[in-house]
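# Breakdown of the fold
The residues making up each chain are set out below.
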Amino acid sequence: MKKYDYKNCCELLSAISNAVSKHKELEELFPSIHRTLSQVLDAENFYVAFLDKGGAGLVFPYIQPSLASASPRGGRLDPIAQDLAIEVIRKNRALIAREKEIQKRIPAGIVPKVWLGVPLQIKGAAMGLLSLQHYSNPDQYSHQDLDLLTTVAEQISLAVERRRHAEAAAANEARYHTILDNIIEGYYEVDLAGNFTFFNGSMCAILGYPAEELLGMNNRVFMDAENARKVFQTFNEVYKAGKVSHGFDWVLTRKDGVKCIIETSVALIRNHKNEPMGFRGIARDITARKLAEEEKKQMEKQMQYARRMKSIGTLAGGVAHNFNNLLMAIQGYTSMLLLKTEPNSKTYKMLQNIEKQITAGAHLTSQLLGYAREGNYEIQPINLNDLVREISATVAKPQKGIRVEFQEALDLAEVIADPGQMEQVVMNLLVNALDAMPGGGDLLLKTENLSHKEIRTDRFIPKSGIYVCLTVQDTGVGMDAAVMEHIFEPFFTTKEVGKGSGLGLASTYGIVKAHGGYLQVQSQKGKGATFQVFLPAARKSSATGRRKKKPAPA
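The structure displayed is predicted, hence computed values, not measured ones.

Right, let's get into the overall build of the protein chain. Looking only at helices and strands, one finds 14 helices and 17 strands in the protein chain. Residues classed as buried in the protein chain amount to 44% of the 554 residues present. Carbon and sulfur atoms make up 54% of the accessible area of the protein chain, which amounts to about 30500 Å² in all.

Shown next, in the form of structure tokens:
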């Protein structure tokens, strides 16, 4: 029997405490404790056991027997050792058993002379035991040894509890990572400065950066100044209030330069002292959804505009027909009066003036019918280059202070249209541009071939095919959005009373629509206006009706 004093005990417990701190793995800790314990006790027969998951048997993470009978057979001790171990765990108290007491339990077989066992506890509940046995000296262990072994068991229990907490934390972390890596939403964590400290694979996919580049990168890298202010404001509000922000949208720029729209939640991260240490949240790429919503809004806007213009066209057509009927009646009565009136009389001249007004009214009716797309057209192949060149030379170039530039496409396709109606379209657009530049300015005329995919507009959805585009751009007074909303409506004008009928652009719109084309305007107040006419290109080029003229000098 080894003897030890208070000093030995202190040194022993200090060594065991150091071993518990040093060894993170129980497989390393148990042999170290066994060696240390052997310095003051005969600990040749030593084991550590835990209840199995079912709670009925034992498992032995560490066992060092000297006799074959004490060796685990099939993972178990001999019946007597098993019985004593279960009793220590079930009753949750230390036990020292001598040979006579042990033989009462099992009279046959090799039994230890003395058996010592103390429970291993976690939060007061026994979950295993620490045991010593001696097979030759019944007085080998005393109650002092039992107390020492109990203190050692407390150290082992702390190590086991720490190990189980670590295993549980590792399992939770693995489960956490598995969940994050399998969700399609991006998960992120940033420090208070906005630097990425943790994220999942989906976040990398959204931003287009590999994990090694994204780690430590500041979130300002992905956004412009406007979105940076927006993000800072939201994060600052979360920091001050401590509340989660949901449904926060911001525009990011991926590594490949493509912009995407992200819907994000933001929550505050606190440390163990409840101090703010960063932010976390879920990020979802909603670019496709936003584009679809915007496209839907544009389509609805286009449909509303088309319905409104159609309704106005129907009204204009009805008014034009009724007005035309009135003019015919007035013309009839005027002609009859002229036949009965002396040509040299004042009445005759007054009747002639009435006829002139009837002619003007007929022209007005023609414009209304053009807007309503009810005019009679004689279509043929037309080259817009010839038409624009001829009309601009007559109308625009003589104007003082007006600089005209004509960029014509040499390979311009022909359009199938009524020549007179096309002349009216070009004339109306040129006159409108000139009126917008009373003090002079630049007038750009441009023709080109475009596919439907190259037409950029939110006013209409062009049908598939090739279009001939005529652009008339001025540097005049321009228009605001409110004016552009009504620019093609009959009788709408921004000119002074008596200086415009409000039918020029309306009839232009109607003629273009009647020829299967489209008309759009872009403008800002004080920055001029750009009108574009898109007419379906003829499928086969034809020289019929083309004017063979040299380009007019600029």
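Burial runs high along strand β15 (residues 466-474): 7 of the 9 residues are buried. Two elements, strand β14 (residues 441-451) and β15, share 9 bridges in a ladder whose sense is antiparallel. Looking across to β15, one finds that Glu 448 is bridged to Cys 469. Two elements, β15 and strand β17 (residues 529-536), share 8 bridges in a ladder whose sense is antiparallel. When the bridges of β17 are listed, Leu 470 appears paired with Val 533.

Below, the discussion takes up the pairing of strand β5 (residues 125-134). Each regular strand displays side chains that alternate between the two surfaces of the sheet. Counting buried positions along β5 gives 8 out of 10 residues, so the element sits mostly inside the fold. Where strand β1 (residues 45-51) lies against β5, 6 bridges are found, and the strand directions are antiparallel. In the sheet register, Tyr 47 faces β5, and the bridge partner there is Ser 131. Strand direction decides the pairing type here: strand β4 (residues 114-122) and β5, joined by 9 bridges, are antiparallel. From the neighbouring strand, Val 118 faces β5, where its bridge partner is Leu 130.

In this section: helix α8 (residues 225-241). For α8, spanning 17 residues, the distance from its first C-alpha to its last is 24 Å, which sits close to the expected 24 Å at 1.5 Å a residue. Tucked inside the fold, the buried residues of α8 contact β6 (186-191), β8 (245-253), β9 (259-270) and β10 (276-285). Gly 242 sits one or two positions beyond α8 and adopts a positive phi of about 75°.

Moving on, we get to a nonpolar patch on the surface. A cluster of nonpolar side chains, Leu 326, Ile 330 and Ile 354, forms an exposed patch at the surface whose accessible area comes to about 250 Å². Of note, Ile 330 is situated in helix α9 (residues 287-339).

Looking now at the pattern of salt bridges. Where charged atoms from two side chains of opposite charge come close, those side chains can pair. In total, this model carries 16 salt bridges according to the counting rule given. The shortest N-O distance in the salt bridge between Lys 113 and Glu 99 comes to 2.8 Å. Remark: Glu 99 occurs in helix α4 (residues 99-105) and Lys 113 occurs in the loop between α4 and β4; sequence separation between them is 14 residues. Under the relative-accessibility criterion, Lys 113 is labelled partly exposed at 23%. Through salt bridges with shared partners, a single ionic network connects Glu 185, Glu 263, Arg 284, Arg 289 and Glu 293.

Overall, antiparallel pairing links the 5 strands, which are arranged β7-β6-β10-β9-β8 in an open sheet. The strands lining the two open edges of the sheet, one partner per strand, are β7 (196-199) and β8. When the angles between neighbouring strand axes are averaged without regard to direction, this sheet yields 30°. Relative to β9, β8 is paired through 7 bridges, and the arrangement is antiparallel. Of the residues in β9, the one forming a bridge with Val 251 is Ile 261.

Moving on, we get to the packing of helix α11 (residues 384-395) against helix α12 (residues 419-435). It is the contact of α11 with α12, at a shortest axis distance of 10 Å, that shows an interaxial angle of 45°. Comparing their axes, α12 and α11 come out oblique. Where α11 crosses over α12, the handedness of that crossing is right-handed. Only Met 422, Glu 423, Val 426, Met 427, Leu 430, Val 431 and Leu 434 of α12 make contact with α11, whose side of the interface consists of Leu 387, Val 388, Ile 391, Ser 392 and Val 395. Residues of the contact of α11 with α12, tallied by class, amount to 10 nonpolar, 1 polar and 1 charged.

As a further point, take the sheet that holds strand β16 (residues 518-523). Taken together, 5 strands build an open sheet; the order of strands is β12-β14-β15-β17-β16 and the sheet is mixed. Edge positions in the open sheet fall to β12 (402-407) and β16, since each of these has one partner strand only. Averaged over all pairs of adjacent strands, the angle between their axes in this sheet comes to 15°, without regard to strand direction. Sheet analysis places β12 next to β14, joined by 6 bridges and oriented parallel. Its bridge partner being in β14, Ile 402 is matched across the sheet by Gly 441. Sitting on the sheet, helix α14 (residues 504-514) is in contact with β16 and β17, with an inclination near 140° to β16.

What counts as what
Residues numbered from 1 in each chain as written. Predicted model: local features only at pLDDT ≥ 70, side-chain atom pairs only at ≥ 80, totals over all residues. Heavy atoms only, no water. Helix = DSSP H or I, 4+ residues; strand = E, 2+ residues; numbered from the N terminus. Buried < 20%, exposed > 50% of the residue type's maximum accessible area, 1.4 Å probe, protein only. Areas by Shrake-Rupley, 256 points an atom, 1.4 Å probe, with all protein chains shown as cover. Pairing = 2+ DSSP bridges. Expected span 1.5 Å × (residues − 1). Contact = heavy atoms within 4.5 Å. Patch = residues over 30% accessible without salt bridge, like charges linked within 9 Å, V, L, I, M, F, W, Y side chains within 5 Å. Salt bridge = Lys/Arg side-chain N within 4 Å of Asp/Glu carboxyl O. Axes fitted to C-alpha atoms, helices over the stretch in contact; angles between N-to-C directions. Parallel < 35°, antiparallel > 145°, perpendicular 65-115°, else oblique. Left-handed = near helix turned anticlockwise from the far one by under 90°. Nonpolar A, V, L, I, M, F, W, Y, C, P; charged D, E, K, R; others polar.

These figures come from the coordinates and say nothing about function on their own.
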